[in-house]
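Remarks on the overall topology
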Amino acid sequence: MTATIDQPHRCGFVSIIGRTNVGKSTLLNHLIGEKVAIVTPVSQTTRHRILGVKNLPGGQIAYLDTPGFHKAKFRMNRDMVQVASDALREADVVLCMIDASTGLGPGDRFVFTRLKEIRVPIVLALNKIDQVPRPHLLPLIDKVRFEGSFQEIVPISAAKGTQCSELENTLLRLLPEGPPLYPEEYLTDQPERLLAAEMIREQVLLQTRQEVPHAVSVVVERYSVLRDKSLRIEATIYVERESQRAIVVGKNGQKLKEIGSRARKEIGLRFECPASVFLWVKVHPNWRQDVTAMERWRRSGMASG
Ligand SMILES: Nc1nc2c(ncn2[C@@H]2O[C@H](COP(=O)(O)OP(=O)(O)OP(=O)(O)O)[C@@H](O)[C@H]2O)c(=O)[nH]1
Ligand SMILES: [Mg+2]
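Now for a look at the structure at hand. The structure presented is a predicted model; accordingly, all values stated were derived computationally and were not measured.

A few words now on the layout of surface pockets. Here the largest pocket is characterised by a volume of approximately 320 Å³. Around the largest pocket, the lining is made up of 26 residues, and of these Asn-21, Gly-23, Thr-26, Val-39 and Thr-40 lie nearest the centre. Element by element, the count of residues in the lining of the largest pocket is highest for helix 1 (residues 24-32), at 3 residues. Roughly 220 Å³ of internal volume is contained in the second largest pocket. When residues of the lining of the second largest pocket are traced back to their parent elements, those giving at least two are helix 2 (75-90) and helix 9 (291-299). Counted by class, the lining of the second largest pocket contains 7 nonpolar, 3 polar and 3 charged residues. Taken domain by domain, the makeup of the lining of the second largest pocket includes at least three residues from each of domain 1 (10-174) and domain 2 (192-304).

Moving on, we get to the nonpolar core. Formed by 30 residues in total, the largest nonpolar core has its most connected members in Ile-200, Leu-231, Ile-233, Ile-237, Val-248, Ile-267 and Leu-279. Of all elements in the fold, only helix 6 (192-207), strand 7 (217-225), strand 8 (231-239), helix 7 (242-249), helix 8 (254-271) and strand 9 (275-283) reach the threshold of two or more residues within this core. If one sorts the elements of this core by residue count, helix 6 sits on top with 6 residues.

In the first shell of the magnesium ion (ligand 2), the protein supplies Ser-25 (OG) and Thr-46 (OG1), at 2.0 to 2.1 Å from the metal. Here the residue Ser-25 occupies a position in helix 1, and Thr-46 occupies one in the loop between helix 1 and strand 2 (50-56), the gap between them amounting to 21 residues. In terms of burial, Ser-25 and Thr-46 fall into one category: buried.

On to the pattern of salt bridges, then. The final tally for this structure, using the stated rule, is 22 salt bridges. Lys-35 serves as the salt-bridge partner of Glu-266, at 3.9 Å between the closest nitrogen and oxygen. Of this pair, Glu-266 sits in helix 8 while Lys-35 sits in the loop between helix 1 and strand 2; the two residues are 231 residues apart in sequence, bridging distant segments of the chain. Looking at Glu-266, the relative accessible area reads 27%, which means it is partly exposed. Under the relative-accessibility criterion, Lys-35 is labelled partly exposed at 25%. As a salt-bridge pair, Asp-86 and Arg-89 come within 2.5 Å of each other at their nearest N and O atoms. You can see Asp-86 and its partner Arg-89 sitting in helix 2, 3 residues apart, about one turn around the helix. Taking relative accessible area as the criterion, Asp-86 reaches 30% and is therefore assigned partly exposed. Here the salt bridges share partners, and the residues they tie into one network are Arg-75, Asp-79, Glu-295, Arg-298 and Arg-299.

Cut-offs used in this document
- Residues numbered from 1 in each chain as written.
- Chains lettered and ligands numbered in written order.
- Predicted model: local features only at pLDDT ≥ 70, side-chain atom pairs only at ≥ 80, totals over all residues.
- Heavy atoms only, no water.
- 1 Å grid on protein atoms, 1.4 Å probe; cavity = no way out; pocket = protein on both sides within 12 Å on 5 of 7 lines; lining within 4 Å.
- Points joined across faces, edges and corners; volume = space filled by probe spheres on them.
- Helix = DSSP H or I, 4+ residues; strand = E, 2+ residues; numbered from the N terminus.
- Nonpolar A, V, L, I, M, F, W, Y, C, P; charged D, E, K, R; others polar.
- Domains from an automatic or database assignment.
- Core = buried A, V, L, I, M, F, W, Y, C linked by side-chain atoms within 4.5 Å.
- Buried < 20%, exposed > 50% of the residue type's maximum accessible area, 1.4 Å probe, protein only.
- Donors = N, O, S within 2.8 Å, 3.2 Å for Na, K, Ca; no water.
- Salt bridge = Lys/Arg side-chain N within 4 Å of Asp/Glu carboxyl O.

Here it is as structure tokens:
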């Protein structure tokens, strides 16, 4: 993408920050036009930093999707909050998101206090306006303007795409001038194996309840492209307790079958080829506190969570 004489080429990192569940990953996927981050109604869905690159006529935006800020109980959660804090420091522009349908809460106010240390421009996106009656929107904008120091406030719906290109233009205008950081065809830093692990975890999150989603990690043990170009994925779903294992497996293995079959469809769609998925469920007590296990899974490059 080239810039014209009167329109300089801008480039930099935009860190997407906010409490959990406000729609950060939904927005990233919408903006870059591909599913690179999983999305569920369960809080704390995103567990690591996800880079998504967007090229525009006036420049290149490197978006960083982050885990939501939340009260960290386990080591895994402390690491997640640390990832979000690090992304704040790396940003050329911070995009803070709140959920306009629930209004401002203590989680958002905690994020606002973290933003006080930030010296780069901060844009606030009020997301989920498709769920908000219009008369409620203006008072909310007034409230956030009073409580934080934002360069711009943009109401959006990430799910419907409403006002997302306006938001993107605002972000681009605030980035420094400079050449692109990534080649034009570069989309994300997420390896395919990790995306596959995430898509399996997404299905576990969507199909289990209460404490189970938070206690799940997925490790892809084998990822092969077969001679007929189809994918064969073997993965272990780790949980922390036998009772959780029983829930994930389900009666006569039905739940696990369903998780595998939905993940297979999603992976097939994303990678545009047939896929087969083989799943095992293992108990690893307290893995969320087990730094060695988490590091080993992460270093294998095949872990999700
Ligand atoms: N109605 C509506 N729902 C939305 C919108 N954006 C996101 N959602 C829903 O909100 C839920 C959370 O979305 P995510 O994108 O996973 O939120 P997140 O901020 O990445 O969450 P964490 O990764 O857990 O921090 C999902 O059920 C989305 O479908 C929106 O604009 N409108
Ligand atoms: Mg997310």
